[in-house]
Amino acid sequence: MRVVLLGPPGAGKGTQAKLLEGQLGVPHVSTGDILRKAVSDKSPIGKKAAQYMDKGKLVPDNLILELMGKQLSRENCRDDFVLDGFPRTIPQASGLEELLKKRGLQLEHVLFIQVPLDAIIRRLAGRRTCRNCGKLYHLVFDPPSREGICDGCHNDLYQRKDDKKETIAARHDVYQAQTAPLVDYYRERGLLQEIDGQANVEEIKGRIFQALGVVGA
Ligand code: AP5
């Protein structure tokens, strides 16, 4: 299954991609997670990316396409993947199309998760992430059993630097200017399905599984 999850920052792409991976075994590929790892490893790409990410701007297309070319050549995600956070611009979308075409493949589903800005701000401001396993929490909607500690691996939870109020607004503006045009891009190709992202996580999961035609969702 080759799926793109599209939607504004905080729409729930990562949350749903992790569920798809856990329940269907389709590898979750998140450009945000890959870039944050590169930043914390202080790799050359991480050093370049950090200056954009901290301000809520997009990392340049050439860096992202290089990174994703390598990522999607890996054995476990050559044929099946759930893409979260990629593509994010028209040049990235055509780069992905070309990459898949060379392998005789194409995307099967683009799910556009729609959530209004006020809900996005609440979701991002309350998001906490496990420093070790990456599990996502929300202070109100999905809090950990012990404050600041991951239920799964008992490591610390942290707040992403780009989840500060000023940066959330900048990321949303960038989304509107550079990523929202992908909605029409994929609609014209007959791949787009719209998902109303305003409900609890289980409900959205059901909608996504239904859109993917997964039986028993
Ligand atoms: P990235 O990490 O991709 O961030 P994003 O797209 O801004 O998306 P988020 O991870 O913030 O949100 P999400 O939709 O995954 O929501 P989540 O499930 O976590 O990118 C970060 C940065 O990296 C970018 O700004 C850019 O600089 C760079 N970058 C990444 N990819 C790039 C690319 N392709 N090109 C260029 N630059 C790139 O949920 C959010 C919160 O809400 C959580 O707390 C969760 O628990 C909660 N929640 C989820 N679902 C629900 C629900 N249904 N009800 C209530 N709460 C919910």
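This structure is a prediction, so every number in the text was calculated from the model and none was measured.

1. Some words on the site of the ligand
Turning to step 1, where the next piece is worked out: Close to the ligand lie 35 residues, the nearest being Thr15, Lys57, Arg88, Arg127 and Arg171.
Turning to step 2, where the next piece is worked out: Within the contact set of the ligand, an oxygen atom lies 2.8 Å away from a backbone nitrogen or oxygen of Gly10.
Turning to step 3, where the next piece is worked out: Between the ligand and Gly14 there is a distance of 2.8 Å, counted from an oxygen atom to a backbone nitrogen or oxygen.
Turning to step 4, where the next piece is worked out: Burial of the ligand by the surrounding chains reaches 96%, relative to a free accessible area of 1000 Å².
Turning to step 5, where the next piece is worked out: Secondary-structure elements contributing two or more residues to the shell around the ligand are α1 (13–24), α2 (31–40), α6 (117–125), β6 (136–138) and α9 (201–212).

2. Some details on the packing of helix α7 (residues 165–179) against helix α8 (residues 181–188)
Turning to step 1, where the next piece is worked out: Packing of α7 against α8 brings their axes to within 5 Å, and their N-to-C directions diverge by 35 degrees. Residues Gln176, Ala177, Gln178 and Thr179 of α7 form the contact with α8, whose own contacting residues are Pro181, Leu182 and Val183.
Turning to step 2, where the next piece is worked out: The class makeup of the residues in the contact of α7 with α8 is 4 nonpolar, 3 polar and no charged.

The rules we used
- Residues numbered from 1 in each chain as written.
- Predicted model: local features only at pLDDT ≥ 70, side-chain atom pairs only at ≥ 80, totals over all residues.
- Heavy atoms only, no water.
- Near = heavy atom within 4 Å.
- Polar contact = N/O pair within 3.5 Å; in protein donor to acceptor, adjacent residues only side chain to side chain.
- Areas by Shrake-Rupley, 256 points an atom, 1.4 Å probe, with all protein chains shown as cover.
- Helix = DSSP H or I, 4+ residues; strand = E, 2+ residues; numbered from the N terminus.
- Axes fitted to C-alpha atoms, helices over the stretch in contact; angles between N-to-C directions.
- Contact = heavy atoms within 4.5 Å.
- Nonpolar A, V, L, I, M, F, W, Y, C, P; charged D, E, K, R; others polar.

Nothing here speaks to function; it is all geometry.
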